[in-house]
Amino acid sequence: MILEYLDVFISGLTNGSVYALMAVGLTLVYGVSKAFNFAYGSFYSLGGYFAWVLMVLVGLWGGYIVVFALAVPFLMGFGFVTEKLIIAPLRKRSDWEVKVMMITLGLALFMDNGFQVLFGPRMKSLPPLMEGAVSLGDIYIANQDIMIFVLSVSGILAFRWVLNNTRIGMAVRAVAQNPAGAKIVGIPKNRIFAATFGISTVMVGVGGILLAQKYFVSPMGGWDILVKSWVITAFGGMGSIRGGLLAAFILGMLEAFVGYWFGLSWVLFALFAVLLTTLAIRPQGLMGKWG
Amino acid sequence: MLKVSHLTKKFGELVAVNDLSFHVAKGQIYGIAGPNGAGKSTIYNLITGNYPFEGEILFDGESIAGMPPHKIAQMGISRTFQVPETFSSLTVEQSVAVGAHFGDTDLFDPQRVDEIITFLELEADRDRMAGELNLLGNKKVMIGAALGTRPKMLLLDEPMAGSNANEIRALMALIRRINVEMGVTIIIIEHFMKVLTELTDKLLIIESGTRIAEGDPDKVTSDPEVIECYLGQAYAEDN
């Protein structure tokens, strides 16, 4: 029994780490530009399909190292250009936040149907990052789970380092905290919006590559991720990166244990029950702030 | 240095700034005053590129029409706000550095950040978050971030708002030092007439976006039209 619980715990930890990576991306964009990206789940699928094309369709030499080396600039460029082309022009209009939701919803439908046309409706599988398992006595931990956890946590730590130690990180924090103040000290606000959109696309796309090995890639598979990322973001506190991290691990664990005890069909019910209860008691989420 | 000609800004039917012209010479401290809603802050928003406008604004002979705010900051115009617009989770040092990184087109110079912190007498607070400081501290941090951009001209929007007498004295001394020691031309919007008459070389009074009077502060504040539409008879009798 204890070994089974340990398995579930490891699954929760692995999923939680990837959710954390993806939720940080969603929180980043919301925190900096107040834009809610409904196509976030489709960007997750984009990452998965990008890796599938290279690994399976093309049979690229070099494995996942080359895939990640190509995926990061591709996803960054895709996010940056998407923001510049379809979101930035809306910012000058009234009620732009609602318009951004609508246009990203349209983009999500366009992308998902595009995936279906290009790759067909059937799920695609990716080879594991690493075969085999590590044994600690009677406990076996799949190398794939270890790699997913290590890469996700590394991604979050790298993001944190960039945010705290680089020029662009300083600008991102300044724009997130005070857009008016940021403008007058010479920060090109619109470029920062596009850059954060690009960074968030990298985070969710890399998450898509990591989780595709366990849960496959499918044209509509991103919606589940969008919902979970949104639940994590709201649970952690809109715009709070630390809250998002905490929420991701809590909900990753909750998902694993609810799935184990009651079945997977209860997972979303449990996530929303926890979210609604939390928001009823603490409307700003775990670590969010008013205003 | 700054030449504003026939500046007009309309928001729908509301004319916030109406055919306004003025000129600020290099090295001056230039004051702007007027009743609430007169269009004072709108003038700053136009000079700093937040809205399109009719008319012309020339800075060092170059038109700023159509330039984005960050380009105008890099040209040498920086501003502060009535309510301190600081970066709450950046330290005092980082707040000044952010201005030096992005507003100053020269290579980032950490020594300049140190000099500004010393100039503002914020050495003891350099590693504290801006959000932890009191109102005067926050105002200094906001000025520090603006100075980090190496401005030629600094626009101060009601810098004395909410300050007590001691803080007003400290801020007035600081503004004079920025002007004299750093050679920064200053425009100041303020409601405290005593501050404007003591600090400024030239004073502009506006109402409904239109110029009422401009010139020597003492003469402007004794202008009957200014007394009638802005200062009131009590001010005239007291002074």
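### Considering the overall build of chain A
- Each helix and strand counted, chain A has 11 helices and two strands in total.
- Each principal axis of the C-alpha distribution contributes one length, and for chain A these read about 60 × 50 × 35 Å.
- Here chain A holds 291 residues, and the buried ones make up 48% of them.
- Within chain A, contacts between residues at least 6 apart in sequence are counted, and of these 76% link residues at least 24 apart.

### Comments concerning the domain arrangement of chain B
Residue and element names in this part refer to chain B.
- By domain assignment, chain B separates into domain 1 (1–69 + 151–159 + 179–239) and domain 2 (77–150).
- Computed from C-alpha coordinates alone, the two centres of domain 1 and domain 2 are separated by 25 Å.
- On the side of domain 2, 11 residues touch domain 1, which itself brings 12 residues to the contact.
- In terms of residue count, strand β7 (residues 153–157) provides more of the side of domain 1 that touches domain 2 than any other element does, five residues in total.
- Split into classes, the residues belonging to the side of domain 1 that touches domain 2 amount to nine nonpolar, one polar and two charged.

### Section: the interface of chain B and chain A
- The partner chain A presents 16 residues to the 24 residues of chain B that form the contact.
- Contributions of two or more residues to the side of chain B that touches chain A are made by α2 (69–75), β6 (77–79), α3 (92–102) and α5 (135–148) of chain B.
- Per-element tally for the side of chain B that touches chain A: the top contributor is α3(B), with five residues.
- When its residues are assigned to classes, the side of chain B that touches chain A shows nine nonpolar, 13 polar and two charged.

### Some thoughts on the packing of helix α3 (residues 63–87) of chain A against helix α8 (residues 189–215) of chain A
Residues and elements named next belong to chain A.
- Two elements in contact, α3 and α8, have axes separated by 7 Å at closest approach and are oriented at 140°. Here α3 is positioned oblique relative to α8, judged by the angle of their axes. Of the two elements, α3 crosses α8, and the hand of that crossing is right-handed. Only Phe 193, Ala 194, Ala 195, Phe 197, Gly 198, Ser 200, Thr 201, Val 202, Gly 205, Val 206 and Ile 209 of α8 make contact with α3, whose side of the interface consists of Val 67, Ala 71, Val 72, Leu 75, Met 76, Phe 78, Gly 79, Phe 80, Thr 82, Glu 83 and Lys 84.
- In terms of residue class, the contact of α3 with α8 is made up of 14 nonpolar, six polar and two charged.

### A short note on the environment of A:Gly181
- Here A:Gly181 shows up in helix α7 (residues 179–184).
- If we skip the residues at most four places from it in the chain, A:Gly181 touches A:Ala174, B:Glu85, B:Thr86, B:Phe87 and B:Ala145.

### Here we look at the environment of A:Phe216
Residues and elements named next belong to chain A.
- Along the chain, Phe 216 falls in the loop between α8 and α9 (222–236).
- What makes Phe 216 partly exposed here is the crowd of 15 C-beta atoms within 10 Å.
- In this structure, the C-alpha to C-alpha distance between Phe 216 and Trp 52, residues 164 residues apart in sequence, is 9.7 Å.

### Some details on the sheet that holds strand β2 (residues 14–24) of chain B
Residue and element names in this part refer to chain B.
- With respect to topology, four strands assemble into an open sheet ordered β2-β1-β4-β5, the strand pairing being antiparallel. If you trace the sheet from one side to the other, it starts and ends with β2 and β5 (62–63), each paired once.
- Those strands touched by helix α1 (residues 40–47) are β1 (2–11), β2 and β4 (54–59), and its axis lies near 70° from that of β2.

### Quick look at helix α6 (residues 167–177) of chain A
- Taking burial as the measure, the 11 residues of α6(A) include eight buried ones, the bulk of the element.
- All of the buried residues in α6(A) are A:Met170, A:Ala171, A:Val172, A:Arg173, A:Ala174, A:Val175, A:Ala176 and A:Gln177.
- In this fold, the buried residues of α6(A) make contact with α1 (2–33), α5 (143–165), α7 and α8 of chain A together with α3 of chain B.

### Focus: the sheet that holds β7(B)
Residue and element names in this part refer to chain B.
- Reading across from one edge, β6-β7-β8-β3-β9-β10 is the order of the six strands in this open sheet, with mixed pairing throughout. What marks the edges here is a single partner per strand, and that holds for β6 and β10 (210–215). Sheet twist, expressed as the average angle between the axes of neighbouring strands with direction ignored, equals 20°.
- Across four bridges, the pairing between strand β3 (residues 29–33) and strand β8 (residues 185–189) is parallel.

### Here's the deal with helix α10 (residues 241–262) of chain A
Residue and element names in this part refer to chain A.
- For α10, built from 22 residues, the straight-helix expectation of 32 Å at 1.5 Å per residue is met to within 8% by its first-to-last C-alpha distance of 30 Å.
- On its buried face, α10 is in contact with α1, α5, α9 and α11 (267–281).
- With its phi angle positive at about 105°, Gly 263 sits one or two positions after the end of α10.

### Looking at the pairing of β10(B)
Residues and elements named next belong to chain B.
- In this structure, strand β9 (residues 202–207) lies alongside β10, joined through five bridges in antiparallel fashion. Bridge pairing in β10 places Glu 207 opposite Thr 210.
- Taken together, β9 and the strand that follows it, β10, pair antiparallel across an intervening segment of two residues, in which Ser 208 is found at a positive phi of about 50°.

### Re the pairing of β1(B)
Residues and elements named next belong to chain B.
- Note that β1 and β2 share seven bridges and pair antiparallel. Among the inter-strand pairings, Lys 9 is bridged to a residue of β2, identified as Val 17.
- What sits between β1 and β2 in their antiparallel hairpin is a turn of two residues, with Gly 12 showing a positive phi close to 65°.
- Where β1 and β4 come together, five bridges link them in antiparallel fashion. Each residue of the ladder has a partner; that of Ser 5, found in β4, is Glu 56.

Thresholds, definitions, all that
Residues numbered from 1 in each chain as written. Chains lettered and ligands numbered in written order. Predicted model: local features only at pLDDT ≥ 70, side-chain atom pairs only at ≥ 80, totals over all residues. Helix = DSSP H or I, 4+ residues; strand = E, 2+ residues; numbered from the N terminus. Buried ≥ 20, exposed ≤ 12 C-beta atoms within 10 Å, placed from the backbone. Contact = placed C-beta atoms within 7 Å. Domains from an automatic or database assignment. Nonpolar A, V, L, I, M, F, W, Y, C, P; charged D, E, K, R; others polar. Axes fitted to C-alpha atoms, helices over the stretch in contact; angles between N-to-C directions. Parallel < 35°, antiparallel > 145°, perpendicular 65-115°, else oblique. Left-handed = near helix turned anticlockwise from the far one by under 90°. Pairing = 2+ DSSP bridges. Expected span 1.5 Å × (residues − 1).

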